[in-house]
Amino acid sequence: MYILNIETTGKYGSVALIDGAAKAVSRSSNEEMNHLQDVMVLVDQCLQDEAIIPDKLSAVAASIGPGSFTGIRIGVSTARAIAEVLELPCVAVSSLEGMAALADEHVEPTVRYFAPIINARRGQLYGALFVRAGKGYKAVIEERQYMIDEFLNAVKQMEVTDSELVFVGDGIDAYETEIRNAGAFVLAPVDWRYQDAAPIARLALRRFRAGAVVNYEKLIPNYMRKSEAEMRLESGTLSSKIGKLQC
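Below is a summary of the structure that appears in this document. Residue numbers here run from 1 along each chain, matching the order of that chain's written sequence. For a predicted model such as this one, the threshold for reporting local features is a pLDDT of at least 70, and the threshold for listing and counting side-chain atom pairs is 80 or more; totals across whole chains, interfaces and linings nevertheless cover every residue. To get the side-chain values, take all heavy atoms of the structure and skip hydrogens and water.

Quick notes on the pattern of salt bridges
What counts as a salt bridge is simple: a side-chain nitrogen of Lys or Arg found within 4 Å of a carboxyl oxygen of Asp or Glu. In the structure shown here, the tally under the stated rule is 11 salt bridges. When the shortest N-O distance is used, the salt bridge between aspartate 173 and lysine 11 registers 3.4 Å. With aspartate 173 in helix α5 (residues 171-182) and lysine 11 in the loop between β1 (2-7) and β2 (14-19), the pair connects residues that are 162 residues apart, well separated along the chain. Per-residue accessibility, obtained with a 1.4 Å probe over protein chains only, is compared with the maximum for each type, and a residue is labelled buried under 20%, exposed over 50%, and partly exposed between these values. Aspartate 173 sits in the partly exposed class, given a relative accessible area of 36%. Its salt-bridge partner being glutamate 176, residue arginine 180 comes within 2.8 Å of it at the nearest N-O pair. Residue arginine 180 and its partner glutamate 176 are both found in helix α5; the two are separated by 4 residues, about one turn of the helix. Salt bridges sharing partners connect three or more residues here, namely Lys11, Asp173 and Arg193. Numbering of helices and strands runs from the N terminus, with a helix taken as a DSSP run of H or I at least four residues long and a strand as a DSSP run of E at least two residues long.

Shown next as structure tokens:
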């Protein structure tokens, strides 16, 4: 039994292959935002690493967001296409929960809370606060879009000891000063700060075993907000710019 896992919501695309014994192999891109060119190459490399043919796959999992709009579309579309062709079920995994699992693999047991944050620009982020719950994670601050100050205030209201909580994600790149001013929290270093397919694979395996699978048509991206183009179109600023260009 093997599950193929695709993660393209962040800077670097990655793919992981996990078997029934929870042994995972993964491959990652070295190029930022090169998902369209790299994702199928990474898929092929993982299959070759384990000498597995596609027919041996039992499911396809994807990190469905939030994160990069383009990256989410590429990852979900790729997973859906593979699942449709091979007639496989799909597993959806939140990129934020995947980042919590990533952090959990790198910190001391005394760290119990995980704050994945993804830069949404203009003082905003996609974030949540998870706590260990058995073999998984429970969101004690819900997954959604926040202003950075709003999110940090919500974290402080949890009355968690600073050393018990780790921040992870590219939101650190954008808002490190604000985070450090809020408390002496643990901040993920660059070498494991960003989204990765391996923890997505471990979460996907648990969900697959629990029967939490969907048809490829129901593997849906979670953007958490409308794209900038959609917001500009609704506000009329996009159409007015197009009109000026046409003149």
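Right, picking up where we left off after that structure.
What to know about the sheet that holds strand β4 (residues 57-63)
One bridge is not enough; two strands pair if DSSP finds at least two bridges between them. The sheet built from 5 strands is open, its strands ordered β3-β2-β1-β4-β5 with mixed pairing. Strands with a single pairing partner mark the edges of an open sheet, and in this sheet they are β3 (24-28) and β5 (90-93). Sheet twist, expressed as the average angle between the axes of neighbouring strands with direction ignored, equals 20°. Bridging between β1 and β2 involves 6 bridges; their strand directions are antiparallel. Among the inter-strand pairings, isoleucine 3 is bridged to a residue of β2, identified as isoleucine 18. Here, residues are in contact when the closest pair of their heavy atoms is within 4.5 Å. Inter-axis angles, ranging from 0 to 180 degrees, are taken between N-to-C directions of lines fitted to C-alpha atoms, where helices are fitted over the stretch in contact. In the packing of helix α1 (residues 35-49) onto the sheet, the strands contacted are β1, β2, β3 and β4, and the crossing angle to β2 comes to about 30°. Sitting on the sheet, helix α2 (residues 69-86) touches β1, β4 and β5, and the angle it makes with β4 is about 165°.

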